[in-house]
Each structure stands twice: as C-alpha cells, then as structure tokens.
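# Structural overview for review
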Amino acid sequence: MYLIDSKFVYENLAYKDCIEAVREAMIAFSAGRTRQHLRSILDIGEGALFGVMPGAMGEVGIFGAKLVSVFPGNFELGKSSHQGVVVLFEAEGGAPVCVVDAGAVTAIRTAAASAAATDALARPDASTLALMGYGEQAYTHARAMCEVRELQEVRIWGRSAERAAALAGRLETDLDVKVYAASSAEAAVAGADIICTVTSARDPVLKRRWVAPGTHVNAVGSSFAGPAEIDNDLVKDARFIADSRQGVISQGGEFLRAKAAGLVDDAHIAAEIGKVFSGEAQGRRSADEITVYKSLGHIVQDLIAAALLMKVMDKAGTDEKRAVAGAV
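Residue numbers here run from 1 along each chain, matching the order of that chain's written sequence. In keeping with the predicted nature of the model, local features appear solely for residues at pLDDT of at least 70, side-chain atom pairs appear and are counted solely at 80 or more, and the whole-chain, interface and lining totals rest on all residues. Think of the side-chain values as coming from all heavy atoms in the structure, minus any hydrogens and water.

## Notes on the overall build of the chain
Of the regular secondary structure elements, the chain holds twelve helices and 15 strands. We compute the radius of gyration over the C-alpha atoms and compare it with the globule rule, which gives 2.2 Å times the number of residues raised to the power 0.38. In terms of C-alpha radius of gyration, the chain reaches 19 Å, essentially the compact-globule figure of 20 Å for 328 residues. With the C-alpha coordinates aligned to their principal axes, the bounding extent of the chain is approximately 55 × 40 × 40 Å. Counting the 328 residues in the chain, one finds 54% classified as buried. Think of it this way: any DSSP run of H or I at least four residues long counts as a helix, any run of E at least two long counts as a strand, and we number them from the N terminus. Accessibility here uses a 1.4 Å probe with only protein chains present; expressed as a share of the type maximum, an area under 20% marks a residue as buried, one over 50% as exposed, and anything in between as partly exposed.

Quick look at the structure:
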C-alpha cells in the first residue's frame, strides 16, 4: 500500500494533468457513471469541520473516500486548513492500495477544477485575474489559471494587507507576471476578467455592483450551507453553473441565501459543469454575460487526483517509494 505525503503531492501532481483529469471526472459524474453519497459534514465547534466523502469510479477501477478536517485558523499557524487523507481501494479484491495527504490533494485538485471551469466559461481573451483571499487556495488557483489563460495581471485582496503583499511577491516570482496587492476588495475586482473567491468569510466579500460585464467568477471558499462569499444579486444576475446540482441545492451557501431571499429557485442552476464540459449544456452565451462556477468540491476529483499519484508511484524506483513512505 502506498503512503504519499504532501511533499510528493506538490512535486508530482502537475496542474495541467490534474485539470484534464478533473474535467474527465466531472463529465463522468454528470453522466451518472460514478457513484457517491452527498458528503457528510460534522460541525466540531469553533468554526472547525470534519467531512467524510465516499465515492467510486468504475471506469478507473477505484473507489475510496476522503476523511478531512477543516480548521480555518490553521493558516495563522502556518499550517494547511485542510488536514486528512484520501484512501483508495482497488476494485478487484477491495483492498486499500493508497493513502494520500488530503490537504495537498485538495489544494491542487480544487484549483484544477476551477481552472477547468474557467477554460470552459471565461472569455477566450481573459487576461486579468483577481484573487480574493491570500491562503493556500489563492496560490494554487493562480498557478492553475495560468494553465488555461495567458494572464497579464494578477490582483490580490485580503483583510491583511501584509499577507496579501507577501503572496503577491511570491506569485510574481513564480509566475513571471505582474502581481500586486489591491487596496480594497472593490479595487481588486474592478474590470477583472476572472475572479476567484477563496476566503473563509462568513458573509459576502464580492458584491454584484463591482463585477463588470463578461466576468467569470469561481466561488470556492464556502463549502457548506451557511457561509457565502458572493452576494445575492450576483447569484441572481449570473449564469450559475454548479459542480454538483444536488450538492449546491443542499449545501451551496451562496445559492441557498439567494433562494431564501426569493431571488432564485432551483431552476436557476443552469447546468452542472460536467455537462458543459461534454457539450451537453451551454456555458457562456455572450461576451457580456457574467458566469459563476460554484465549487463545493467533489470526491471524484480527489479520487482521480490520487489515481494520478498512484501511477507516478508505480513508475517510481524502490528507494523513492521508501522515502515517501518514511515521510508519512
């Protein structure tokens, strides 16, 4: 059984490969070719959560689950907010074959899913990215967006100007594009082509009146019913695409707030992203349309990412496998 640590994940889970794998996984999900339960989330107090996400991908020959805790305060301590494991089982005999660090997988596969959605929904000429948030997901989203669009400028906003500036410096070095910390949330998103909300905010940080026509928004940070990063008017006015229709109807914080306010109903969810990827549903309909991709995260994304890492391990030498196992 492989035991794969976070270092190995970051060094070997390539964004380009993960984007394509997640795209295919979401097509399979929306076509009904995967099996999964709606994830179970347990509130363990003081803003911390524990989630269990089981699923199976028959075409890939794997099934498994992610067990993950979410501690938003970890960022202040220099640790990932997501802690846990993804466990893969082989389909033939049901034995566990791989355990992967869930924090690292979540960081990359979430950004990869947003990048795949951006590739399908953003304007082809989109070149300005605004990141609302400065944590791990902000960094991986910037990296992933560069795989699907030729970015000329990246703006970052967060409640700590110092931390926003630190991320800007890191990204400018890593991406070789212009990156700067914006003075306000409104300034960060003004005229942006792509906006990614990757915060732990309880209430909206992105307002409809700030969003220009033709913008694509990835709403990522809120992963359960309650918190909302974008306001009701933006939900109402946008072409709203979900990773999972059932998931968003049950747990999509922004959608549920707008629905409770009487501004939208379930039919407002235009499509699942997997159907947009396959061509079964239309994504962007005009250059001026605002699109929103609501990401809750999905077990098939974790399973396919872990399967990619298993393939890398299968090809690795004995010494490298022992090094990875010894680090876990």
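## Here we look at a nonpolar patch on the surface
Like-charged residues are merged into a patch within 9 Å and nonpolar side chains (Val, Leu, Ile, Met, Phe, Trp, Tyr) within 5 Å, provided each residue has over 30% relative accessible area and no salt bridge. Values of accessible area rely on a 1.4 Å probe in the Shrake-Rupley scheme; residue burial ignores everything except the protein chains shown. Only one rule defines a salt bridge in this text: a Lys or Arg side-chain nitrogen within 4 Å of an Asp or Glu carboxyl oxygen. A cluster of nonpolar residues, L42, I44, F50, L67 and F71, forms a patch on the protein surface that exposes about 420 Å² of accessible area. On the secondary structure map, F71 appears in the loop between strand 5 (62-70) and strand 6 (82-90).

## A short note on the side chain of T118
Counting through the fold element by element, T118 comes out in helix 3 (residues 102-121). Contact partners of T118, with chain neighbours within four places excluded, come to M145, V148, R149, I194, H216 and N218. Should any heavy atoms of two residues lie within 4.5 Å, those residues are counted as being in contact.

## Some remarks on the packing of helix 4 (residues 136-145) against helix 5 (residues 161-175)
The interhelical angle for the contact between helix 4 and helix 5, taken along N-to-C directions, is 25°, at an axis separation of 11 Å. By the angle between their axes, helix 4 is roughly parallel relative to helix 5. For the pair helix 4 and helix 5, the sense of crossing is right-handed. From helix 4, A138, Y139, A142 and R143 reach across to helix 5, where they touch L167, R170, L171, D174 and L175. Under the scheme applied, nonpolar residues are Ala, Val, Leu, Ile, Met, Phe, Trp, Tyr, Cys and Pro; charged residues are Asp, Glu, Lys and Arg; polar residues are all the others, including Gly. Considering only residue class, the contact of helix 4 with helix 5 consists of six nonpolar, no polar and three charged. Lines fitted to C-alpha atoms define the axes, with helix axes restricted to the stretch in contact, and inter-axis angles between N-to-C directions lie between 0 and 180 degrees. For this classification, under 35 degrees means roughly parallel, over 145 means roughly antiparallel, 65 to 115 means roughly perpendicular, and everything else is oblique. Left-handed describes a crossing whose near helix is turned anticlockwise from the far helix by less than a right angle; the clockwise case is right-handed.

## A word on unusual backbone geometry
Although it is not a glycine, E46 adopts a positive phi angle of roughly 55°. Mapping E46 onto the fold places it in the loop between strand 3 (40-45) and strand 4 (48-57). Even without glycine at this site, D176 takes up a positive phi of about 60°. Take D176: it is sitting in the loop between helix 5 and strand 10 (178-181).

## Points about the packing of aromatic side chains
Each Phe, Tyr or Trp ring, with Trp reduced to its six-membered ring, pairs with another whose centre is within 6.5 Å; inter-plane angles below 30 degrees give stacked pairs, above 60 give edge-to-face pairs, and intermediate values give tilted ones. Summed over the entire model, instances satisfying the criterion amount to two aromatic pairs. Aromatic side chains F63 and F89 sit 5.2 Å apart centroid to centroid with 10° between the ring planes, which places their arrangement in the stacked category. Taken together, the residues F63 in strand 5 and F89 in strand 6 connect sequence positions 26 residues apart. Given a relative accessible area of 24%, F89 falls into the partly exposed group. Between the NZ or CZ atom of R23 and the centre of the ring of F277, over which it lies, the distance is 5.7 Å. The rule for a charge over a ring is simple: NZ of Lys or CZ of Arg within 6 Å of the ring centre, and within 35 degrees of the ring normal. Lying over the aromatic face of Y139, R170 brings its terminal NZ or CZ to 3.6 Å of the ring centre.

## Some words on the pattern of salt bridges
A complete count under the given rule lists 17 salt bridges for this structure. Between E11 and K7 there is a salt bridge, and its shortest N-O distance comes to 2.8 Å. Of the two residues, E11 and K7 are both situated in helix 1 (residues 6-12); the distance of four residues between them amounts to about one turn of the helix. Across the pair, exposure class does not vary: E11 and K7 are exposed alike. D119 is the partner of R149 in a salt bridge, and the nearest nitrogen-oxygen pair spans 2.8 Å. Of this pair, R149 sits in the loop between helix 4 and strand 9 (153-157) while D119 sits in helix 3, and the two are 30 residues apart along the sequence. With relative accessibility at 10%, the residue R149 sits in the buried group. Look at D119 and you get partly exposed, because its relative accessible area is 34%. Beyond isolated ion pairs, a larger network of salt bridges with shared partners links E20, R23, D119 and R149.

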